Structure formats: C-alpha cells, structure tokens
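Observations on chain architecture
Take a look at the letters that make up each chain.
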Amino acid sequence: MEKQNLISRMELNDNKAGMEGLDKEKINQIIYESSKGKLFMCSKFFENEQKKEEQLNQRIKEQQALVDSISPAQLHHGLKEANRVIKELQDCLDLSRTIVHVDMDAFYAAVEMRDDPRLKNKPMAVGSMGMLSTSNYIARRFGVRAAMPGFIGLKLCPNLVLVKPNFDKYTAVSKEIRGIFAQYDPHFSPMSLDEAYLDFTEHLNHRILSKSFSRLFLIRKEQGNDYETNSSKSAECLCDLNALLKPHLIASEEFEVLCGNSDEDMLVYLSTLNENNIYPLPGCCSVCNRKFPSYTLKLYGVSIEDAVLEMRNRIEQLTRLTASAGIAPNTMLAKICSDKNKPNGQFHIHPDRQEIDDFIRDLPIRKISGIGKVTEKLLGALGVKTCNDLYKQRALLYHVFSQISFQYFMRIALGMGSIYVERDEDRKSMSTEQTFGEINEPNELYSKCEELCQILAKDLDNEHLVGKTVSIKIKTVSFAVKTRSHSLQHFTNDEKLIFNAAKQLLKTEIEATQPDILRLRLMGVRMSRLTSQNCVQSSIQSMFKKNLKSETSRNYTNAMNISTDATSSTNNNQFKTEPEQLDPIFYYNSSNSPNLYRESDEEDYSHVCDSPPSKRSPLKDKVVLKSSTGTKKKIPKDNNKQTKTVEKDTILRFVYKKESTNTLLENSGHNNLKYVDVFITNENEEVGSSRSTGSSKSAETTSTSVISSFPSTHNKSSRPSFTSEHFNDSPLTCVNHEMKLPKDPPAISSSIESMTDPSFGMVTCPVCGQQKLNWPLEQLNIHVDLCLSKNTVKDILHRDEQTLRRSKALKRDGKELPDLSLPCKKRIKTQMTVESYFK
DNA sequence: GCGGATCAC
DNA sequence: TATGGTGATCCGC
C-alpha cells in the first residue's frame with residue numbers, strides 16, 4: 001500500500017545499459033524515502049514532484065475524457081487517416097543509408113577510472129552530493145545512475161565513491177575520439193562529448209575499393225585491465241601506436257610489395273610475422289621514450305561490421321576507453337542499437353523491412369529517443385507500451401495527439417527515423433543559469449542577475465553572436481520554475497542592455513510576488529533569436545572603407561564609426577552615466593544605443609553558388625524537419641517543383657534548408673544592401689529586379705521607410721549611385737535625406753579593388769567573405785546577388801511560418817474531424833510563395 | 001511572441 | 001544538508 005504513494009516520475013529509470021534485472025521495488029523505496037526527507041517534513045523538492053505528478057494525472061484524465069468522447073465513426077475516420085499517413089510514410093522509406101551511432105561507455109566515469117586505478121573495482125560516480133553525471137557499471141548494479149543526486153546514490157550504495165567532474169579532461173578526450181569519427185564521416189554529428197551519429201554510407205563505398213593496408217591497425221595485446229598496472233609501473237608506452245608506428249609500417253618494403261595485393265595475401269603475410277619483429281620499426285617511443293608494448297596487427301574487412309569494429313578499436317587504442325555502436329538504416333534505430341550490446345559492443349539492424357519490424361515490434365516505447373517518462377505514461381494510459389502498440393492504437397492516437405506527435409509515433413511504429421546526419425550549425429539560443437542558496441533580497445537578486453548577464457554577454461561575444469530576445473528563468477525555493485522574456489528592438493550582446501531587460505523582467509516578478517517575497521534557488525538568463533555579429537556589416541563596411549575615407553565625407557565616416565565601434569560613440573557615455581534614468585524598455589528603442597546591430601546575414605552561402613549540390617543534401621529529395629527528439633524528420637519533397645535556373649534552384653535549396661532547421665527567420669536589413677547590388681552590377685536585370693520585388697515584399701520592417709524614401713531613380717540608375725543613405729539606414733544613425741550624392745561616385749574599379757588583393761588575384765565576396773582566385777566579375781555579381789537575396793527569402797519564410805502557425809492554431813481549435821495536413825502541404829505552400837517571389 | 005512542459009545529455 | 005546546466009522543441013494561448 002505504501003507503493004501506491006510512490007511517485008512514478010521519481011522512480012528509477014532503469015532504461016540504461018547495465019541496469020537490467022535490478023530490484024526496482026527496493027531501489028524505488030529508498031529513492032522515495034530519501035527524497036521525501038524527514039518524517040512529517042517533506043522536502044520542497046518532493047512536494048513539487050508530487051504537484052507535478054498530480055498535474056500529469058490530471059492531464060491523463062483529460063486525455064481519457066477526450067478518448068471517451070470519440071465516436072465509433074470518428075475512430076473509423078482516424079483509422080482511415082492513420083492508414084493513409086502510414087502509407088505515405090512507407091512510400092518514402094529509404095533503407096539505403098548506413099547510419100552509425102557511437103556512444104562511449106560510461107564516459108566520464110570511464111575516464112576517471114582510467115586515470116585513477118584505485119577506482120577500478122569500486123562503485124563510483126562522477127558528480128557531487130547534489131547531482132551525478134554518470135556512474136560506472138558497478139554502481140549501476142546498485143541503482144546508482146546519472147541524473148540522480150549523490151546523496152541518494154550513497155543511500156543506495158554506501159560504498160559509492162564520488163569523483164568531481166573534470167570537464168576539461170573529458171573535452172580533450174572527446175576531441176580525440178572526434179578525430180577518429182571524422183575519418184569515417186567528416187560530417188558526423190556530435191550529440192555530446194561522448195556520442196555522435198555518423199553516416200557510414202560513403203565510407204563503405206570507398207572501403208570496398210580500399211587497399212588492405214588502409215584497414216590494417218596496430219592493437220595492443222593486453223587490453224583494458226592491464227593498462228593501469230602498465231602505467232603505474234611506467235613500463236610501456238601509452239601513446240597512440242597507430243600514429244607512431246603505422247607510418248613506419250607502411251613505409252617498410254614488405255608492405256610496399258603488398259600494397260596492391262588482396263586481403264588474403266595480407267593475412268598470409270601477417271601470419272608469418274613475429275610479433276614486435278617488423279623491420280624496421282623502432283622499439284622505443286620517440287614521444288615518451290618508453291618501450292612500445294607488444295601488439296598485433298589486425299586487418300579489418302570491408303563490411304560495415306568490420307568498419308565499425310575498426311573504429312571502436314581505434315578509439316580504444318587511442319584513448320584506452322571503450323565505445324559501443326549501433327548500425328542501422330536510420331538514426332532512430334542506430335541509437336537504440338548502440339545500447340543493445342553495451343558496454344564495448346555493437347549491434348546491427350540490416351536494411352531489411354522484416355528485420356526492422358521484428359526489432360521494433362516488442363520494443364518498449366521508452367527506448368525511443370524522444371519518448372520520456374511523461375509521454376510514456378500518457379501513452380501507457382492508452383494501452384501503448386511497445387512500438388507495435390503504437391500501430392495498434394493508431395486510430396486513437398490520431399485523435400488524441402497533434403499531427404506532429406501522431407506522425408512521430410507512426411514513424412516509430414514503422415521503425416523509421418532520420419537518414420540524415422547533419423550538424424545543427426546555427427544555435428538558436430544561449431543561456432547561463434545558476435543554482436544557489438536562497439536569495440530573496442531584491443538587491444542581491446539584481447546583483448546575481450547582473451552577474452549572469454555579464455557571463456552571458458561574454459559568452460555571446462566569444463561566439464560573435466548578438467540576440468534579440470532576453471529571457472530570465474527563475475526557480476523558487478519551492479522548485480517552481482518560471483520564465484519571462486522580452487524582445488528587444490535590435491540585436492545586441494551588450495552586457496548592460498541585456499541586464500536592463502533582464503532586470504526589468506525580474507523586477508516585474510518581484511513586484512508580482514508582493515506582498516510576499518520572491519525567494520529563489522536558481523536564476524538564469526537566456527538570449528535567443530540569435531544572429532552573427534559581424535558578417536554583413538563588417539564585410540560591407542570594409543568593402544567601402546577605402547571609398548569612405550577617400551571621399552572624405554564626414555558624414556560617411558561618422559556613420560561608420562557609430563556602427564562599427566560602439567565604444568567610440570559619444571552616446572555610449574550617455575548610457576554609462578545615466579542608464580537608470582531611462583525606462584530600459586524604451587531605451588532599447590533609442591536609435592542611439594550602442595552595440596545594436598541590424599539583423600544581418602551571418603551564414604556562409606558560398607556553397608549556394610559554388611559547390612555542386614551535395615550528395616548528402618536532404619534537399620535533394622527530402623525535406624528535413626526537426627522533431628521533438630532532436631533528431632530529424634524527413635518529409636517527402638514534391639519533385640515536380642523543380643526550378644529552372646541555377647539561381648532559383650540554389651535559393652530554394654536554401655529555403656528548404658531554412659525550413660528544415662525551423663529557424664526563426666528574420667526580416668532583415670537586406671534593403672541597406674540593395675545598393676551594393678546596384679553598385680556592382682546593373683547588367684543582370686533578372687536577378688536584380690527579382691530582389692527588388694523581394695525588397696518591397698518584405699517592406700514591413702523598420703527600414704521600410706528608408707527604402708521608400710530612397711529616390712527610385714537610384715535603383716534604376718545605370719550609374720553606380722553612392723550611397724551614404726544605406727549606411728545611414730542603420731538604426732544607429734539618422735537618415736539624412738538631404739545629403740548630396742558625391743559628384744564623383746566611387747568607381748566600380750576602386751570598389752572592386754577593395755575586394756581584390758592585387759598581389760594574389762584573390763577576390764572576396766563582400767557579403768559572405770568567401771574568397772576565390774581571379775573570380776570573374778560576372779560570377780562575383782551573381783554570387784553577391786544570391787548572398788543578398790537570401791535576406792528577402794528569409795523574410796518571406798518568416799511570414800510564411802507565422803501564417804502557418806496561425807492557421808494551424810485555428811485549425812486545431814475547431815478540430816472535430818481534424819484535417820490531417822501533412823507537412824508536405826506546409827512545404828508546398830512555402831515553396832509557392834517563395835517561387836512567386838522569383839516571378 | 002510568450003510561457004509552460006518535455007526531452008536529451 | 002542535499003535534486004544541475006544547456007539547448008531545443010512543441011503546444012496552447
């Protein structure tokens with residue numbers, strides 16, 4: 001009966017390698033008792049967990065009510081729709097890729113054990129009394145695992161050794177293993193320090209044709225357990241044998257002879273060798289001066305199993321740490337596979353429908369990345385425990401969950417996951433937060449807030465990022481979490497501007513709590529809607545610096561100074577001396593504020609014009625959407641919508657890419673770049689005019705007025721028409737409509753010069769910074785055009801996205817027999833709009 | 001655009 | 001004594 005009171009959300013999650021067959025009941029009892037705190041005195045944490053549990057139960061009740069309200073006819077409709085969706089998903093099933101998920105075994109713990117042999121046979125965990133990052137396999141037998149507070153770990157396992165984390169060390173090791181990953185897939189996608197997805201498809205294509213010696217590696221004869229005795233005796237070299245010895249090996253005559261021979265020949269040859277007797281290998285390490293250990297030479301085959309084993313063995317040789325891997329046709333399955341034979345093992349699901357079905361059928365849904373304890377419980381209430389249950393209950397799920405969730409579930413039921421391994425290039429937010437002993441004094445709260453803003457500002461600056469939305473996060477001593485955010489008018493990473501916004505948000509919260517006091521245990525500050533600090537502005541500015549200086553227009557240079565160097569601005573002083581006198585919210589709007597940036601382009605679009613379409617591009621036949629799992633979902637692309645020109649095609653590629661990453665798209669400062677286009681070229685009417693159309697389409701931003709105030713003749717003028725207006729378009733300066741154009745506008749040649757290093761013939765794109773040797777002017781023009789156009793595309797997409805959200809919301813509200821509008825529709829809609837932009 | 005919630009690591 | 005930090009996404013409003 002005590003068991004009934006246990007809180008499911010706090011129960012041990014034994015869904016982890018090395019935690020099978022534990023006495024869950026006993027462990028949960030200990031966790032429960034420890035969390036609850038003393039008799040009659042529940043911990044705040046515990047109370048909050050209870051509250052959340054109740055909320056979840058309420059949600060399940062509501063869910064059940066919804067289920068009960070579904071008529072048989074509706075259910076039948078749901079079944080029909082579900083079957084349709086499944087059919088569509090099956091139609092785009094692609095088993096052609098070979099995806100590998102690699103995961104280091106108990107990574108942090110393993111590193112610590114490697115470096116301190118005393119930990120070898122002890123239960124240990126990395127972390128503190130407050131929280132554990134990971135535990136070794138011995139500790140896992142006691143139920144001690146990551147995300148568990150240390151003091152509970154100690155209750156479960158009194159002999160548990162706690163080791164403080166050493167992230168620098170883990171990062172260094174991570175760098176080593178990533179070096180190996182990159183040799184199998186240069187575009188691998190790291191998920192954390194210790195795991196990554198790799199697409200082995202290309203590697204395997206090459207591997208089949210590879211020479212045997214490229215698959216030959218040195219392996220120490222004594223593994224793992226003997227390392228530490230080795231190192232404690234300082235007897236043998238622990239360096240990377242393959243890096244040190246393989247070059248010698250390959251250079252030796254015997255190997256040269258064998259280079260073109262078969263694996264069989266190589267194996268025969270290897271069998272004739274005496275270990276450690278391969279002339280002319282050195283016997284001593286040139287790095288550490290120690291004797292090389294005894295080793296064998298191992299030849300790996302061309303199969304995927306051998307390739308992954310080779311990679312794992314190489315990781316172990318290099319780091320003395322083991323990794324596990326999963327091989328499958330998509331990331332979702334690969335991820336599950338990597339856990340299957342952990343530690344130090346691998347598992348392969350072949351690209352076979354039946355094999356996938358068999359694997360997935362009885363798999364508990366909790367094994368799927370993206371399904372956590374809440375979703376597990378919500379689905380469990382509908383009788384869904386395994387992946388096949390998802391299929392069985394598809395008619396119901398269709399009605400109960402959103403379209404996105406429903407599709408996600410169906411994909412799971414079919415064993416379908418993303419077949420793309422891509423790095424998420426652009427980060428969407430950056431934050432810093434701290435837990436501390438209670439702070440309730442407003443001044444102390446503000447002080448903490450300021451400290452966090454300082455850190456955040458520095459972090460942003462380190463990555464050359466500026467952002468538009470400032471959020472604070474607060475957690476009360478009762479563990480209640482709140483976030484509050486405010487969007488600024490302009491991009492910034494200025495510490496004081498961030499703090500002003502954050503402070504205002506905090507102030508509101510403090511006041512809202514009154515007459516009670518706001519008692520916090522955590523505070524955080526986040527910046528989102530990020531963009532790059534410098535790309536367009538700096539390159540455009542540098543492009544014209546010469547002209548500006550030579551033309552000696554004071555106005556120009558003033559404009560430049562303000563936007564490039566905020567600290568030199570006199571306005572900055574005003575800010576420093578009297579920041580409190582201004583309502584911070586209004587202060588941001590001041591066009592004189594320092595350190596504000598226009599929205600600008602930050603990405604390198606060199607590939608848009610110059611690279612051949614990437615074979616791995618998801619845009620080729622699929623659109624990739626981020627799913628809630630952090631992995632990517634693919635949606636079929638309508639291939640009939642091919643565009644005709646290279647420009648369109650490449651732009652659309654960009655469009656899909658942006659859509660795929662679901663970036664918060666910004667309307668942007670492309671209008672102040674338009675002039676660059678006019679300036680550089682007036683030949684390419686089509687491209688030029690298309691962008692003009694785009695400019696007017698996006699004319700709903702603050703800069704619109706500047707555009708419209710720009711004499712129309714400027715656009716059409718065949719003469720390169722400079723220009724200060726464009727820089728003055730910056731919110732940092734006043735637009736001076738009266739300003740005269742220079743009598744002698746800067747000649748094209750001089751501008752081009754500024755992009756060109758005459759000594760090397762290197763031409764630099766002023767927008768993306770890409771360099772090319774002797775870049776023909778026509779190509780450069782087209783390239784610059786494309787770089788600039790993307791602002792307009794962004795703008796359209798942004799509004800598209802908003803429209804879509806709104807319509808989706810509306811649809812959901814009146815959802816009786818939901819119209820399952822597949823994301824295909826969404827994509828087409830976007831595409832049509834963007835296409836119309838090119839007309 | 002905002003805030004809560006969920007999830008991964 | 002005592003339950004983290006960072007980033008992302010989705011949903012409902």
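What counts and what doesn't
Residues numbered from 1 in each chain as written. Chains lettered and ligands numbered in written order. Predicted model: local features only at pLDDT ≥ 70, side-chain atom pairs only at ≥ 80, totals over all residues. Heavy atoms only, no water. Pairing = 2+ DSSP bridges. Helix = DSSP H or I, 4+ residues; strand = E, 2+ residues; numbered from the N terminus. Axes fitted to C-alpha atoms, helices over the stretch in contact; angles between N-to-C directions. Parallel < 35°, antiparallel > 145°, perpendicular 65-115°, else oblique. Left-handed = near helix turned anticlockwise from the far one by under 90°. Contact = heavy atoms within 4.5 Å. Nonpolar A, V, L, I, M, F, W, Y, C, P; charged D, E, K, R; others polar. Patch = residues over 30% accessible without salt bridge, like charges linked within 9 Å, V, L, I, M, F, W, Y side chains within 5 Å. Areas by Shrake-Rupley, 256 points an atom, 1.4 Å probe, with all protein chains shown as cover. Salt bridge = Lys/Arg side-chain N within 4 Å of Asp/Glu carboxyl O. Near = heavy atom within 4 Å. Polar contact = N/O pair within 3.5 Å; in protein donor to acceptor, adjacent residues only side chain to side chain. Buried < 20%, exposed > 50% of the residue type's maximum accessible area, 1.4 Å probe, protein only. Phe/Tyr/Trp six-rings, centres within 6.5 Å; stacked < 30°, edge-to-face > 60°. Lys NZ or Arg CZ within 6 Å of the ring centre and 35° of its normal. Core = buried A, V, L, I, M, F, W, Y, C linked by side-chain atoms within 4.5 Å. Arc of directions from axis to C-beta.

Here the focus is the sheet that holds strand β9 (residues 323-328). Here we have five strands laid out as an open sheet, ordered β5-β6-β1-β9-β10, and mixed in their pairing. Where the open sheet ends on each side, the last strands, each with one partner, are β5 (189-192) and β10 (346-348). Within this sheet the neighbouring strands show an average axis-to-axis angle of 15°, counted without direction. The pairing of β9 with β10 spans three bridges and is parallel. When the sheet's bridge partners are listed, A325 is paired in β10 with Q346.

Another aspect to go through is the packing of helix α3 (residues 72-91) against helix α19 (residues 403-413). Viewed as axis vectors pointing N to C, α3 and α19 meet at an angle of 60°, and their least axial separation amounts to 10 Å. By the criterion of interaxial angle, the relationship of α3 to α19 is oblique. As for how α3 packs across α19, the hand of that crossing is right-handed. Here A82, V85, I86 and L89 of α3 lie close against α19, whose contacting residues are F406, Q407, M410 and R411. Along the lines of polarity and charge, the residues of the contact of α3 with α19 split into six nonpolar, one polar and one charged.

As a further point, take a nonpolar patch on the surface. Side chains of I208, L209 and V302 sit close together on the surface and give an oily, nonpolar patch of about 310 Å² of accessible area. Tracing the chain through its elements places L209 in helix α8 (residues 201-209).

On to the protein's contact with DNA strand B. Taken together, 21 residues lie around DNA strand B, and S192, K335, G370, T375 and S485 are the ones closest in. In DNA strand B, the atoms that sit within 4 Å of the protein are 100% sugar and phosphate, with bases accounting for the remainder. Measuring from a phosphate oxygen of DNA strand B, one finds a side-chain N or O atom of Q55 at 3.4 Å. Taking G372, its main chain carries an N or O atom lying 3.0 Å from a phosphate oxygen of DNA strand B. Broken down by secondary-structure element, the contributors of at least two residues to the surface near DNA strand B are α2 (44-69), α16 (373-380) and β13 (481-492). For the surface near DNA strand B, the per-class residue count stands at three nonpolar, 10 polar and eight charged.

This part is about the protein's contact with DNA strand C. Of all residues adjacent to DNA strand C, which total 32 residues, the nearest are S35, S402, R427, T435 and R521. When the atoms of DNA strand C within 4 Å of the protein are grouped by moiety, sugar and phosphate amount to 65% of the total. The separation between a phosphate oxygen of DNA strand C and a polar side-chain atom of S405 is 3.4 Å. A distance of 2.5 Å separates a phosphate oxygen of DNA strand C from a polar atom in the side chain of R427. Counted by class, the surface near DNA strand C contains 11 nonpolar, 12 polar and nine charged residues.

Here we take up the pattern of salt bridges. Applying the stated criterion across every chain, the model contains 29 salt bridges. With its nearest N and O atoms 3.7 Å apart, the salt bridge here joins E511 to K507. Note that E511 and K507 are positioned in helix α21 (residues 495-513) at a spacing of four residues, about one turn of the helix. With a relative accessible area of 34%, K507 lands in the partly exposed category.

This paragraph deals with the packing of aromatic side chains. Going through the model one piece at a time under the given rule, you end up with 14 aromatic pairs. With a centroid separation of 5.8 Å and 50° between ring planes, the pair formed by F107 and Y108 is classed as tilted. Accessibility assignment for this pair places F107 and Y108 in one class, buried. Aromatic pair F181 and F188: ring centres 5.6 Å apart, planes at 70°, arrangement edge-to-face. With relative accessibility at 4%, the residue F188 sits in the buried group. Cluster of aromatic residues (ring-pair linked, three or more members): F107, Y108, F167 and Y170. Geometry around Y137 places R140 over its ring, the cationic atom sitting 4.4 Å from the centre. Positioned over the ring face of F217 is K246, at 3.9 Å from the centre of the ring.

Structurally, T98 is set in the loop between α3 and β1 (99-104). Dropping the residues within four chain positions of it, T98 is found in contact with L198, D199, F200, T201, L204, I304, I327 and A328.

Next up on the list: the nonpolar core. Nonpolar side chains in soluble globular proteins tend to be buried together. Counting 41 residues, the largest nonpolar core has I368, L379, L390, L397, F409 and I412 as its most contacted members. Put simply, the parts of the chain that give this core at least two residues each are α3, α14 (331-340), α15 (353-361), α17 (387-392), α18 (394-400) and α19. In terms of residues, this core owes the most to one element, α19, which gives six residues. Other than its neighbours up to four places away in sequence, I412 contacts M332, I360, I368, I371, C387 and L390. By size, the runner-up hydrophobic cluster in this structure holds 34 residues, among which are V173, Y184, L204 and I327.

Relative to the helices and strands, V470 is located in strand β12 (residues 465-476). In sequence terms V470 and L506 are 36 residues apart; their C-alpha atoms lie 11 Å from each other. If we skip the residues at most four places from it in the chain, V470 touches R484, S485, H486, L488, I498, A501, A502, L505, V525, R526 and M527.

Right, let's get into helix α12 (residues 263-272). By the burial criterion, the buried members of α12 are M266, Y269 and L270. Projected down its long axis, α12 shows its buried positions confined to an angular sector of 100°, all on one face. Residues E264, V268, S271 and T272 are exposed on α12 and point more than 90 degrees away from its buried face.

For the rest of this paragraph, the subject is the sheet that holds strand β3 (residues 132-135). The mixed open sheet is built from three strands, whose spatial order is β3-β2-β4. Unpaired on one side and paired on the other, β3 and β4 (161-163) mark the two borders of the sheet. Averaged over all pairs of adjacent strands, the angle between their axes in this sheet comes to 30°, without regard to strand direction. Here strand β2 (residues 124-127) pairs with β3 via three bridges, running antiparallel. Bridging across to β3, V126 finds its partner in T134. Those strands touched by helix α4 (residues 107-115) are β2, β3 and β4, and its axis lies near 110° from that of β2.

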